[in-house]
Amino acid sequence: DDAGLAPVAKLPKLRALAVTPVVRYEKPGFGPPQWSYPFLTERADRPRITVAGLRPFAAAQGLESLDLLDARLVPADLAILAGWPKLGSVALPTPVDAEVVGHLAKCRKLSALTLGHRDIAAAELRALAGWPGLKRLTITHATLSDDALAALGELPAVEELTLTDCGLTDDRLRHLRGGPKLTALVLDRNAVAGPGLVHLAGLKLTAVSLGFNDVTDATLADLAVLTTVDTLGISYCLGVTDAGVRSGRLQGMTHLKRLNLRGLKGITDASLDDLAKLGHLEHVTVRETKVSLDGVERLKKAMPTTTVFK
């Protein structure tokens, strides 16, 4: 509670503070993430931090990151944010309106915002268009309407957009819009298989992450529409196996520089010869695959200009 937070405010070199809800993500075939704390029970009556608990942090002038997703705040409370001159990122439980945007815009170095764990309306996202300093927007564990997905395209300065566990499917990607400066898109923990990526073809993306989605060997071909992307992540897409690597679809994406294959248990040493054909990459991650340490050494020799990370 607020009183229990007070001793934390005395830490002399505090740079980040997080007051977050317990995150539970469940999807058939996927193990629970290590940070889900399954031993904790959910309590609707749990103590909640308020603005009173934040006031003792006024002296923490080095505070750079503030995650308040599990706090209870009203828009007027956000006036406190301007007291931290180094604040660069903030996560808020508060619905966004013109008053909220006004408080955020007064934070000179603030450029990253996280919203989540609730329904987020299109009107909130359109309100954010009035904040020219917003460069990174993260929406997590949230419900977004089709209109809200379209409203994301009205954010003029956003360069990085993360939509994690937002119920996105291939079909729903037809509604997603990106602003003029958007280059990085993270769609982790949704239900995208691949065909819907065609709706992103008009965006000038350089980085796309599809971790924990439904990409399979059969839908790797759909990734080919991402012709401007040089950094691609398909980590923990368990439907991608040796057969997909041997299909040559990834090797055909010669514009890629970085490829993340982490957690793909179906990729083994049987794919080594085909993985070695990815020599145009600067970096490839095969961590938590079934590629052996000996196999990694073989890849390093076959791909001398590529960093192979295990």
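The text that follows walks through the structure, step by step, so that each part is easy to find. Note that the structure is a prediction, hence the values are computed from the model and not measured.

Right, let's get into the overall build of the chain. Looking only at helices and strands, one finds eight helices and 14 strands in the chain. Relative to its length of 310 residues, the chain is compact, with a C-alpha radius of gyration of 21 Å against a globular reference of 19 Å. Summarising its shape, the C-alpha atoms of the chain cover approximately 60 × 40 × 35 Å along the three principal directions. Burial analysis of the chain (310 residues in total) assigns 47% to the buried set. Considering only intrachain contacts with a sequence separation of at least 6, the fraction spanning at least 24 residues in the chain is 59%.

In the structure shown here, the tally under the stated rule is 14 salt bridges. A salt bridge links Asp70 to Arg48, with the nearest nitrogen and oxygen atoms 3.5 Å apart. Of this pair, Asp70 sits in the loop between strand E2 (65-67) and strand E3 (89-92) while Arg48 sits in the loop between strand E1 (16-18) and helix H2 (51-54), placing them 22 residues apart in sequence. The closest approach of N and O atoms between Lys277 and Asp274, which form a salt bridge, is 3.5 Å. The class for Lys277 is exposed, based on a relative accessible area of 54%. A single network of salt bridges, built from pairs that share partners, joins Arg46, Arg48 and Asp70.

Here the focus is the sheet that holds strand E6 (residues 136-140). If you walk across this open sheet you meet the 12 strands as E1-E2-E3-E4-E6-E8-E9-E10-E11-E12-E13-E14, and the pairing is parallel. With partners counted over all chains shown, the strands left at the sheet margins are E1 and strand E14 (307-309), one partner each. Neighbour-to-neighbour, the strand axes of the sheet open up by a mean angle of 5°, direction not taken into account. The sheet contact formed by E1 and E2 spans three bridges and is parallel. Paired with Ala16 across the strands is Ser65, a residue of E2.

Pairing geometry for strand E4 (residues 112-116) and E6, over five bridges, is parallel. Bridge pairing in E6 links Ala112 to Arg136. Strand direction decides the pairing type here: E6 and strand E8 (residues 160-164), joined by five bridges, are parallel. Counterpart to Leu137 in the pairing with E8 is Leu161.

The complete set of buried residues in helix H8 (residues 293-302) reads Gly295, Val296 and Leu299. Buried residues along H8 cover an arc of 100° about the axis, so they all sit on one side. Facing away from the buried surface of H8 by more than 90 degrees, the exposed residues are Leu293, Asp294 and Lys301. Those residues of H8 hidden inside the fold are in contact with helix H7 (272-275) and E14.

Turning our eyes to something else, we now look at the environment of Gly167. Structurally, Gly167 is set in the loop between E8 and strand E9 (184-186). C-alpha separation for the pair Gly167 and Val192, spaced 25 residues apart in sequence, amounts to 9.3 Å. Ignoring any residue separated from it by four or fewer positions in sequence, one finds Gly167 in contact with Arg172 and Asn190.

Let us now look at helix H3 (residues 98-105). Here H3 has its buried residues at Val100, Val101, His103 and Leu104. The buried residues of H3 occupy an angular sector of 160° when the element is viewed end-on, so they sit on one face. Of the surrounding elements, those touching the buried residues of H3 are E3, E4 and helix H4 (122-128). A side-chain oxygen of the first residue of H3 lies 3.1 Å from the backbone nitrogen of Glu99; this N-cap is Asp97.

A separate point is the packing of aromatic side chains. Considering all chains together, one arrives at one aromatic pair under this definition. Ring centres of Phe212 and Tyr236 lie 4.5 Å apart, and the angle between their planes is 10°; this geometry places the pair in the stacked category. In this pair, Phe212 sits in the loop between strand E10 (207-209) and strand E11 (231-233) while Tyr236 sits in the loop between E11 and helix H6 (242-246), placing the two residues 24 residues apart along the sequence. Classification of Phe212 as buried rests on a relative accessible area of 14%. Owing to a relative accessible area of 19%, Tyr236 belongs among the buried residues under this scheme. If you follow Arg189 out to its NZ or CZ, it ends over the ring of Phe212, 3.8 Å from the centre.

Definitions and cut-offs
Residues numbered from 1 in each chain as written. Predicted model: local features only at pLDDT ≥ 70, side-chain atom pairs only at ≥ 80, totals over all residues. Heavy atoms only, no water. Helix = DSSP H or I, 4+ residues; strand = E, 2+ residues; numbered from the N terminus. Rg over C-alpha atoms; globule rule 2.2 N^0.38 Å. Buried < 20%, exposed > 50% of the residue type's maximum accessible area, 1.4 Å probe, protein only. Contact = heavy atoms within 4.5 Å. Salt bridge = Lys/Arg side-chain N within 4 Å of Asp/Glu carboxyl O. Pairing = 2+ DSSP bridges. Axes fitted to C-alpha atoms, helices over the stretch in contact; angles between N-to-C directions. Arc of directions from axis to C-beta. Polar contact = N/O pair within 3.5 Å; in protein donor to acceptor, adjacent residues only side chain to side chain. Phe/Tyr/Trp six-rings, centres within 6.5 Å; stacked < 30°, edge-to-face > 60°. Lys NZ or Arg CZ within 6 Å of the ring centre and 35° of its normal.

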